[in-house]
Amino acid sequence: MSSASTEDRKYCMKLKKKLRDIEKIEMKLACGEAVDSLQLKKAGGKATIVHELEAYKMFEVPHGVAAAGTKQSDFMPHHVEVPQDSASAAVRGAVVDTEGTIPYPAARAPEVPRSTRWRQTPKTWAEEQQADELDECCKRRNEKSQWGEHGAANKPATKGEGKGKRQRPAAGVVLLLGHGTLPDKVVITCQLRKGQPSWELPKGGLEDADRANVEAAAAREFWEETGVANELAVFSPLQGYGQSRIHWFLARIHEESELIWEPIRDKDTIEAKCMPLDQAMDILRGDHKQLLSEIVRDVRRGKLQWP
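Keep in mind that this is a model prediction, so the values were computed, not measured.

1. A closer look at the nonpolar core
In terms of nonpolar packing, the biggest core is built from 25 residues, with Val 174, Leu 176, Leu 250, Leu 292 and Ile 295 touching the most fellow members. Of all the elements in the fold, those that place two or more residues in this core are strand 3 (170–179), strand 4 (182–193), strand 8 (246–253), helix 8 (277–283) and helix 9 (286–301). Ranked by residues supplied to this core, first place goes to helix 9 with 5 residues. Among all residues touching Val 174, those that are not within four sequence positions of it are Leu 201, Leu 238, Trp 248, Phe 249, Leu 250, Ala 251, Leu 292 and Ile 295. Within the second largest apolar cluster, 18 residues are counted, among which are Leu 175, Val 187, Leu 232 and Phe 249.

2. Focus on the pairing of strand 8
Judged by how many residues are buried, strand 8 sits mostly within the fold: 8 of 8 residues are covered. In strand 8, alternate side chains face the same way, and those of Ile 246, Trp 248, Leu 250 and Arg 252 on one face and His 247, Phe 249, Ala 251 and Ile 253 on the other are all buried. Pairing between strand 3 and strand 8: 8 bridges, direction parallel. Its bridge partner being in strand 8, Leu 175 is matched across the sheet by Ala 251. Where strand 7 (residues 236–237) lies against strand 8, 2 bridges are found, and the strand directions are antiparallel. Following the sheet pairing, Pro 237 is matched in strand 8 by Phe 249.

3. As for helix 7 (residues 214–226)
Taking 1.5 Å per residue as the helical rise, helix 7 with its 13 residues ought to reach 18 Å, and the 18 Å between its terminal C-alpha atoms agrees with that figure. When helix 7 is considered as a whole, its buried residues turn out to be Val 214, Ala 217, Ala 218, Glu 221, Phe 222, Glu 225 and Thr 226. Buried residues in helix 7, looked at end-on, bunch into an arc of 145°, giving them a common side. Contacts from the buried residues of helix 7 go to strand 3, strand 4, strand 6 (203–205), strand 8 and strand 9 (269–276). Positioned one or two residues after helix 7, Gly 227 has a phi angle of 80°, which is positive.

4. What about the confidence of the model for the chain?
In low-pLDDT segments, the atomic positions of the prediction should not be examined closely. Overall, the predicted model of the chain reaches an average pLDDT of 75, with 65% of residues at or above 70. Every residue in residues 157–164 is under pLDDT 50, and counting partners more than four places away or in other chains gives 2 contacts.

Cut-offs applied
Residues numbered from 1 in each chain as written. Predicted model: local features only at pLDDT ≥ 70, side-chain atom pairs only at ≥ 80, totals over all residues. Heavy atoms only, no water. Core = buried A, V, L, I, M, F, W, Y, C linked by side-chain atoms within 4.5 Å. Buried < 20%, exposed > 50% of the residue type's maximum accessible area, 1.4 Å probe, protein only. Helix = DSSP H or I, 4+ residues; strand = E, 2+ residues; numbered from the N terminus. Contact = heavy atoms within 4.5 Å. Pairing = 2+ DSSP bridges. Expected span 1.5 Å × (residues − 1). Arc of directions from axis to C-beta. pLDDT = per-residue confidence, 0-100.

The structure is reproduced here in structure tokens:
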């Protein structure tokens, strides 16, 4: 839209922003989150916005006209007819309850492979991130409905799976040090994996008896692998972070001098350290580095409660 007037470009940007807001509402619906009636009404206008954006593309000012003083609005229809039955499928299928919230319909959301999405239309980095989050959210919801509260972690091993391919549920603690919403240090461990050292966030496997109190099991595994004997009274569950089979919890200690170190009990742990976040990011294994990065980001933005 290089030939469009400034006014038209601003209006088009407003339409795109409204469309992004509606897509966020649809993502909430797809993840089974409650949405109020005002947001549902807003999502119902998606078809109108899409048609208006398409009209901007169809009635773009011909080359050379803008220089003569003609506005793009002169070439655009003043009203776009929108079919009444073209509302979003997710909104059309929702049911309003007595409290005014809209649960997502019981039918499973279709999972679109990443390779298919790339072939459809070019997307920005933010749109790809949003699509990946929606895919992961739908995947976890489907696993939970099929295998119970702990999702794929409860899935039984299929015939022919070798020993070691089946991964049992686990729980761990991310202990950040700092004040306010500015963590600056973290406690990590060095584990012996296949004869090689691996720096990781402390976690351990769960037994059947641990499922009754996963939080207590996470605290025990943290103590065994790090030797930190502080009583971490308040945990914040990290739902939606990391692998679905691992139950992560977030904890806080203000100063490194408060840490009480005891001998490490876990036979596979080489050592445990409290170190600055930037140094920890340099040596953590890939998936744990990504997990820590997301947690620290959301804590600093105030999106994640840090006890």
